[in-house]
Amino acid sequence: QVQLVESGGGLVQPGGSLRLSCAASRIINSIYTMGWYRQAPGKQRELVATVTSGGITNYADSVKGRFTISRDNAKNTMSLQMNSLKPEDTAVYYCNVEPSTVRRALGDVWGQGTQVTVSS
């Protein structure tokens, strides 16, 4: 059964940092590319960053240079280090498999997400 558990969100001032964590069930094989997504109120969910099984990373332009994605294949976990946070980073953050074809093959299951609020 697919399970994804995100944690680490919270309230932070602009310019601050947070580190998000994702724990995935074993059915999500370490060969899959994983990604962090976010959804702000009234907006579509967007892909923020991805990391392949071999550690190759990719970032949305809006977070490039500020966020760092990483994974531990042995532990089936993934992290997102977020620095220099801006109010526009406020959203619920989710982790999941990329691309969507693989995600759908696994049942398109999403975790509860973790809320990140950037505000003074």
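Values in this document were obtained by computation on a predicted structure and should not be read as measured data.

## Concerning the state of the cysteines
Move 1: Under the counting rule described, the total for this entry stands at 1 disulfide.
Move 2: Residue Cys22 pairs covalently with Cys95 via a disulfide, S to S 2.0 Å. Here the S-S torsion is close to 70°, and the disulfide linking Cys22 with Cys95 is therefore right-handed. Of this pair, Cys22 sits in strand S3 (residues 18-24) while Cys95 sits in strand S9 (residues 91-98), and the two are 73 residues apart along the sequence. Residues Cys22 and Cys95 agree in their burial class; the two are buried.

## Re empty space enclosed by the protein
Move 1: Applying the stated criterion across every chain, the model contains 2 cavities of 30 Å³ or more.
Move 2: If you trace the largest cavity, you find it lined by Ala24, Ile28, Asn29, Ser30, Met34, Arg71, Asp72, Asn73, Asn76, Thr77 and Met78.
Move 3: Tallied by class, the residues present in the lining of the largest cavity amount to 4 nonpolar, 5 polar and 2 charged.
Move 4: Every residue lining the second largest cavity is listed: Val2, Ile28, Asn96, Val97, Arg103, Leu106, Asp108 and Val109.
Move 5: Looking at side-chain class alone, the lining of the second largest cavity contains 5 nonpolar, 1 polar and 2 charged residues.

Rules behind the numbers
- Residues numbered from 1 in each chain as written.
- Predicted model: local features only at pLDDT ≥ 70, side-chain atom pairs only at ≥ 80, totals over all residues.
- Heavy atoms only, no water.
- Disulfide = S-S within 2.5 Å.
- Helix = DSSP H or I, 4+ residues; strand = E, 2+ residues; numbered from the N terminus.
- Buried < 20%, exposed > 50% of the residue type's maximum accessible area, 1.4 Å probe, protein only.
- 1 Å grid on protein atoms, 1.4 Å probe; cavity = no way out; pocket = protein on both sides within 12 Å on 5 of 7 lines; lining within 4 Å.
- Points joined across faces, edges and corners; volume = space filled by probe spheres on them.
- Nonpolar A, V, L, I, M, F, W, Y, C, P; charged D, E, K, R; others polar.

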